[in-house]
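Here is how the chains run, residue by residue.
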Amino acid sequence: HTLLFVVILSICDNAYGKIFDKCEFVRKLQTLGIPRDQLGTWTCIAKYESNFDTQAVNKQTWDYGILQISSLYWCSKSDSPGKGCHATCKQFLNDNIDDDVACARHVYDETKKMSGDGFSAWTTYNQHCRGDTSQWASNC
């Protein structure tokens, strides 16, 4: 019975969001292979876009999750995966951010091809995260 309870608890727990602290987010990005020189920028974006909240939804722009993935181009608001990341927007609202980061990297790569700067896909980048962002990943 105990094992079943733990399995059910872990499944249920994964359905809920979480709020990361800065260093926890940096460490997660490192495990997902984000280049060291980008850690500060991604962390700054997450701070200003969602305040590190995996359940954040901007109801004006319909951006989802910790990295505020746009439903306009990158995820489907329906239950069927779609758009640029072949994903549902809902899947970016749980505590597992692996898919959020994978989609954000895709957004970054596609935007870089078009504009030369992949981070420009996030409006908060120009406002808050352009330039030296190393302090966002330091002391972690």
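The model shown is predicted, which means the values in this text are computed figures rather than measured ones.

A. Fine view of helix H3 (residues 39-50). With 12 residues, H3 should reach 16 Å at 1.5 Å per residue; the first-to-last C-alpha distance of 16 Å fits that figure. Listing the buried residues of H3 in full gives Leu39, Gly40, Thr41, Trp42, Thr43, Cys44, Ile45, Ala46, Glu49 and Ser50. Remark: Asn51 follows H3 within two positions and exhibits a positive phi of approximately 55 degrees.

B. Here's a closer look at the environment of Ile45. The residue Ile45 is located in helix H3 in this model. Placed 23 residues apart in sequence, Ile45 and Gln68 show a C-alpha to C-alpha distance of 9.0 Å.

C. How the structure looks around the packing of aromatic side chains. Tallied over the entire structure, the rule returns 9 aromatic pairs. Ring geometry for Trp42 versus Phe119: centroids 5.0 Å apart, planes at 70 degrees, classification edge-to-face. Placement of Trp42 in helix H3 and of Phe119 in the loop between helix H4 (98-115) and helix H5 (123-129) is noted, with a sequence separation of 77 residues between them. Among the residues examined, Trp42 registers a relative accessible area of 2% and is labelled buried.

D. Representation of the UniProt feature "domain: Glycosyl hydrolases family 22 (GH22)" (unreviewed entry) in the protein in the model. In this structure's numbering, the residues bearing the UniProt feature "domain: Glycosyl hydrolases family 22 (GH22)" (unreviewed entry) are residues 85-103. The annotated region residues 85-103 carries 32% helix and 0% strand content, and the separation between its end C-alpha atoms amounts to 6 Å.

E. Local environment of the layout of surface pockets. As a volume, the largest pocket reaches approximately 360 Å³. Around the largest pocket sit 21 residues that line it, and Asp63, Ser70, Ala121, Trp122 and Thr123 are the ones nearest its centre. Only H3, strand E3 (69-70), H4 and H5 provide two or more residues apiece to the lining of the largest pocket. Top element by residues in the lining of the largest pocket is H5. It accounts for 4 residues.

F. Broad picture of the packing of helix H2 (residues 22-31) against H3. Running from amino to carboxyl end, H2 crosses H3 at an angle of 130 degrees, the nearest separation of the two axes being 10 Å. Taken together, the axes of H2 and H3 are oblique relative to one another. Along this stretch, H2 crosses H3, giving a crossing that reads as right-handed. On H3, the residues touching Lys22, Phe25, Val26, Leu29 and Gln30 of H2 are Leu39, Trp42, Thr43 and Ala46. Split by residue class, the contact of H2 with H3 holds 6 nonpolar, 2 polar and 1 charged.

The rules behind the values
Residues numbered from 1 in each chain as written. Predicted model: local features only at pLDDT ≥ 70, side-chain atom pairs only at ≥ 80, totals over all residues. Heavy atoms only, no water. Helix = DSSP H or I, 4+ residues; strand = E, 2+ residues; numbered from the N terminus. Expected span 1.5 Å × (residues − 1). Buried < 20%, exposed > 50% of the residue type's maximum accessible area, 1.4 Å probe, protein only. Phe/Tyr/Trp six-rings, centres within 6.5 Å; stacked < 30°, edge-to-face > 60°. UniProt positions renumbered as here; feature names shortened; annotations may be inferred. 1 Å grid on protein atoms, 1.4 Å probe; cavity = no way out; pocket = protein on both sides within 12 Å on 5 of 7 lines; lining within 4 Å. Points joined across faces, edges and corners; volume = space filled by probe spheres on them. Axes fitted to C-alpha atoms, helices over the stretch in contact; angles between N-to-C directions. Parallel < 35°, antiparallel > 145°, perpendicular 65-115°, else oblique. Left-handed = near helix turned anticlockwise from the far one by under 90°. Contact = heavy atoms within 4.5 Å. Nonpolar A, V, L, I, M, F, W, Y, C, P; charged D, E, K, R; others polar.

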